[in-house]
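The chain contents come next:
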Amino acid sequence: MTIDWFILAPAAFFAGLVDAVVGGGGLIQIPVLLSAFPQTGIPTLFGTNKVSSIAGTGAALWRYARVVKIPWRLVLPATAAALVGAWLGAAVVAWIPRDAMRPLVVVMMLAVAIYTFLRKNLGHVETHEPRPGDLWRGALFGLVIGFYDGFFGPGTGSFLIFGFVRLFGMDFLRASASAKLINVATNVSAISFFASHGPLLWTVGLVMAACNLAGAQVGTLIALRRGSGFVRQAFLVVVSVLIAKLAWEMLQGL
C-alpha cells in the first residue's frame with residue numbers, strides 16, 4: 001500500500017492548526033483519509049483520524065491551560081459526562097440511521113451561526129463567573145454533546161464552544177480552551193470504540209499525530225496572541241464551512 005505523505009502530513013498539520021483555534025479539524029482530515037484509502041473501512045479511518053486528532057487536541061489543551069483560566073469545577077464534570085455520552089452515542093449508531101441527523105444538524109448550525117453573527121459582542125468578554133447549578137448543567141451539557149459526538153460527530157467542537165459562551169458566560173478564548181478537555185475525552189472514547197470494531201492504521205495515525213501536534217502549537221499561539229475576537233471570526237468561518245459541507249451531502253443524497 002502506497003501512502004502519499006505529501007498530502008496526509010500537510011493536511012494533518014493544517015487540521016491541528018484549525019482545531020486548536022476553534023475545532024473542525026475533522027473537516028480536513030477525514031476527507032483526505034477517505035481519498036487516500038478508498039478501500040479501507042470507515043471505522044478504521046475514523047479511528048485513525050481520532051488517533052491523529054487527540055495529539056493536537058491534547059497539546060492545545062496543555063498550552064491553553066498554562067495561560068487561560070479554565071473553570072475546572074465546571075469543565076471536569078462535563079468531561080466525565082461527555083465520556084459516557086460518547087459511548088452511548090456510538091452504541092445506538094446501529095439502531096438509528098445517522099443520515100437522519102444531517103438536516104437537523106444543518107438547521108442547528110445555521111441557528112448558531114446567525115445568532116453569533118447578530119450578537120456582535122457575544123464571547124468577546126466573559127459575562128459572568130460560574131453560578132450555582134452550573135456544575136449539573138455542565139454535566140448535562142457534556143452528556144448531550146458527548147452523545148452527539150459518539151453518534152454523529154461533525155461540529156462537536158463548534159457546539160461545545162457556542163455552549164460554553166452562551167450557557168456559561170465564557171469568552172471565546174476560554175470556551176475554546178475548555179472545549180479541548182472534552183474533545184480529548186470523546187477522542188479517547190472514540191478510539192477505544194473504533195479499535196474494538198476493526199484494526200486502525202497506527203503508522204498513518206501516529207505520523208499524522210506528530211504533524212497535527214505541530215499544527216496545534218501554531219494554532220494555539222495564534223489564538224492566544226489574537227484573542228477572543230479572532231477566535232470568534234474563525235468560529236464563524238468553520239461553522240459556515242460545516243453548514244455548506246453538510247448541505248452539499250444532503251443534496252447529493254437526494
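Residues numbered from 1 in each chain as written. Predicted model: local features only at pLDDT ≥ 70, side-chain atom pairs only at ≥ 80, totals over all residues. Heavy atoms only, no water.

Asker: Hey, could you go over the confidence of the model for the chain for me, with residue numbers and the actual values?
Answerer: Averaged over all residues, the pLDDT of the chain is 87; the fraction at 70 or higher stands at 94%. At the level of individual helices and strands, the chain shows its lowest average pLDDT in helix 5 (residues 101-118), which scores 83, and its highest in helix 9 (residues 202-226), which scores 94. (pLDDT = per-residue confidence, 0-100. Helix = DSSP H or I, 4+ residues; strand = E, 2+ residues; numbered from the N terminus.)

Asker: Now, about the side chain of Thr 186: what can you tell me, with residues and values included?
Answerer: Along the polypeptide, Thr 186 turns up in helix 8 (residues 172-196). Apart from residues no more than four positions distant in its own chain, Thr 186 is found in contact with Ala 82, Ala 86, Gly 146 and Asp 149. (Contact = heavy atoms within 4.5 Å.)

Asker: I'd love a proper account of the packing of aromatic side chains, names of residues and values included.
Answerer: In the structure shown here, the tally under the stated rule is nine aromatic pairs. Taking the centre distance of 5.4 Å and the plane angle of 70° together, the rings of Phe 141 and Phe 164 count as edge-to-face. Remark: Phe 164 occurs in helix 7 (residues 156-168) and Phe 141 occurs in helix 6 (residues 134-151); sequence separation between them is 23 residues. Judged by centre distance (5.7 Å) and plane angle (75°), the rings of Phe 193 and Phe 194 are edge-to-face. A single burial state applies to Phe 193 and to Phe 194, both of which are buried. Three or more aromatic residues joined by ring pairs make a cluster, and in this case those are Phe 46, Trp 87, Phe 193 and Phe 194. (Phe/Tyr/Trp six-rings, centres within 6.5 Å; stacked < 30°, edge-to-face > 60°. Buried < 20%, exposed > 50% of the residue type's maximum accessible area, 1.4 Å probe, protein only.)

Asker: Which residues make up the packing of helix 3 (residues 42-67) against helix 9, and what are the values?
Answerer: In the contact formed by helix 3 and helix 9, the axes pass within 7 Å of each other and the chain directions differ by 30°. Comparing the axis directions of helix 3 and helix 9 gives the class roughly parallel. As helix 3 packs across helix 9, the resulting crossing turns out to be right-handed. (Axes fitted to C-alpha atoms, helices over the stretch in contact; angles between N-to-C directions. Parallel < 35°, antiparallel > 145°, perpendicular 65-115°, else oblique. Left-handed = near helix turned anticlockwise from the far one by under 90°.)

Asker: Now, about helix 10 (residues 228-253): what can you tell me, with residues and values included?
Answerer: Counted at 1.5 Å a residue, the expected span for helix 10 with its 26 residues is 38 Å, and the 37 Å between its end C-alpha atoms agrees. Among the residues of helix 10, Ser 228, Val 231, Arg 232, Ala 234, Phe 235, Leu 236, Val 238, Val 239, Leu 242, Ile 243 and Leu 246 are the ones counted as buried. (Expected span 1.5 Å × (residues − 1).)

Asker: Outline the pattern of salt bridges, supporting the account with residue identities and numerical values.
Answerer: Under the definition given, this model contains two salt bridges. Its salt-bridge partner being Glu 249, residue Lys 245 comes within 2.6 Å of it at the nearest N-O pair. You can see Lys 245 and its partner Glu 249 sitting in helix 10, four residues apart, about one turn around the helix. According to the relative accessible area criterion, Lys 245 is partly exposed, its value standing at 30%. A residue is classified by how much of its surface remains accessible, and Glu 249, at 26% relative accessible area, is partly exposed. (Salt bridge = Lys/Arg side-chain N within 4 Å of Asp/Glu carboxyl O.)

Asker: Could you give me a rundown of the nonpolar core, with the residues and numbers involved?
Answerer: In terms of nonpolar packing, the biggest core is built from 51 residues, with Val 22, Ile 161, Phe 164 and Phe 235 touching the most fellow members. The contacts of Ile 161, once residues within four sequence positions are left out, are Val 22, Phe 172, Ala 175, Ser 176, Ala 179 and Phe 235. Core analysis: the second largest hydrophobic core is formed by eleven residues, Ala 11, Val 32, Met 208 and Cys 211 among them. (Core = buried A, V, L, I, M, F, W, Y, C linked by side-chain atoms within 4.5 Å.)

Asker: So, the environment of Thr 127: which residues are in play, and what are the values?
Answerer: Position of Thr 127 among the secondary structure elements: in the loop between helix 5 and helix 6. The exposure class of Thr 127 is exposed, given its relative accessible area of 59%. Residues Thr 127 and Phe 168, 41 residues apart in the sequence, show an inter-C-alpha distance of 8.4 Å.

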